[in-house]
Amino acid sequence: MTRNAKINTLLLLLVAALAVLPLALGLGEGKEEPFAGADAQAEAAITELKPDYEPWFSPLYEPPSGEIESALFALQAALGAGVLAYYFGVRKGRRQGAAAAAAEAGPPTSATES
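Residues numbered from 1 in each chain as written. Predicted model: local features only at pLDDT ≥ 70, side-chain atom pairs only at ≥ 80, totals over all residues. Heavy atoms only, no water.

(A) Looking closely at the overall build of the protein chain. Looking only at helices and strands, the protein chain features three helices and zero strands. Along the protein chain, helices and strands appear, N-terminal first, in the series α-α-α. When each of the 114 residues of the protein chain is scored for burial, the buried share is 2%. Carbon and sulfur atoms make up 65% of the accessible area of the protein chain, which totals about 10700 Å². (Helix = DSSP H or I, 4+ residues; strand = E, 2+ residues; numbered from the N terminus. Buried < 20%, exposed > 50% of the residue type's maximum accessible area, 1.4 Å probe, protein only. Areas by Shrake-Rupley, 256 points an atom, 1.4 Å probe, with all protein chains shown as cover.)

(B) Region of interest: the packing of aromatic side chains. For the coordinates displayed, the defined rule picks out one aromatic pair. Ring centres of tyrosine 87 and phenylalanine 88 lie 5.3 Å apart, and the angle between their planes is 65°; this geometry places the pair in the edge-to-face category. With a relative accessible area of 43%, tyrosine 87 lands in the partly exposed category. (Phe/Tyr/Trp six-rings, centres within 6.5 Å; stacked < 30°, edge-to-face > 60°.)

(C) Region of the structure containing a nonpolar patch on the surface. Among the surface-exposed residues, Leu60, Tyr61, Ile68, Leu72, Leu75 and Leu79 lie close enough to one another that they form a single nonpolar patch of about 690 Å² accessible area. Tracing the sequence through the fold places leucine 72 in helix 3 (residues 66–105). Residue classification places leucine 72 among the partly exposed positions, given a relative accessible area of 41%. (Patch = residues over 30% accessible without salt bridge, like charges linked within 9 Å, V, L, I, M, F, W, Y side chains within 5 Å. Salt bridge = Lys/Arg side-chain N within 4 Å of Asp/Glu carboxyl O.)

(D) The arrangement of a negative patch on the surface in detail. A contiguous patch of negative charge, built from Asp39, Glu43, Glu62 and Glu69, is present on the exposed surface. Structurally, the position occupied by glutamate 62 is in the loop between helix 2 (38–49) and helix 3. (Lys, Arg positive; Asp, Glu negative; His and termini not counted. Charge placed at Lys NZ, Arg CZ, Asp CG, Glu CD.)

(E) The confidence of the model for the protein chain, seen in detail. Looking at the protein chain as a whole, the pLDDT averages 86, with 85% of positions reaching at least 70. The spread of mean pLDDT over the elements of the protein chain runs between helix 2, the lowest at 85, and helix 3, the highest at 93. (pLDDT = per-residue confidence, 0-100.)

Here you go:
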């Protein structure tokens, strides 16, 4: 097994552990929403500390259900990942193209050899 294959296997196992361990250890048990997002937890903490708090603004669009909100968030994450992947792919392609062009041109000659 190559070094890269070992690293990839280790990373895959780490991701699987991060996904399974909270469920296996029961970290969300006893809560109304066991794995609520940070926004919902912050809202609950604020209303608990200061019940008369008024938000500064309201959302421009309020999805009709939590499922649609989750789907929109997943779409936003996928678009962001796509933009990043495209950017890094273009950078790598340019670097490989420059290396291939330099290899085709051959080694640089000095001005004093004429």
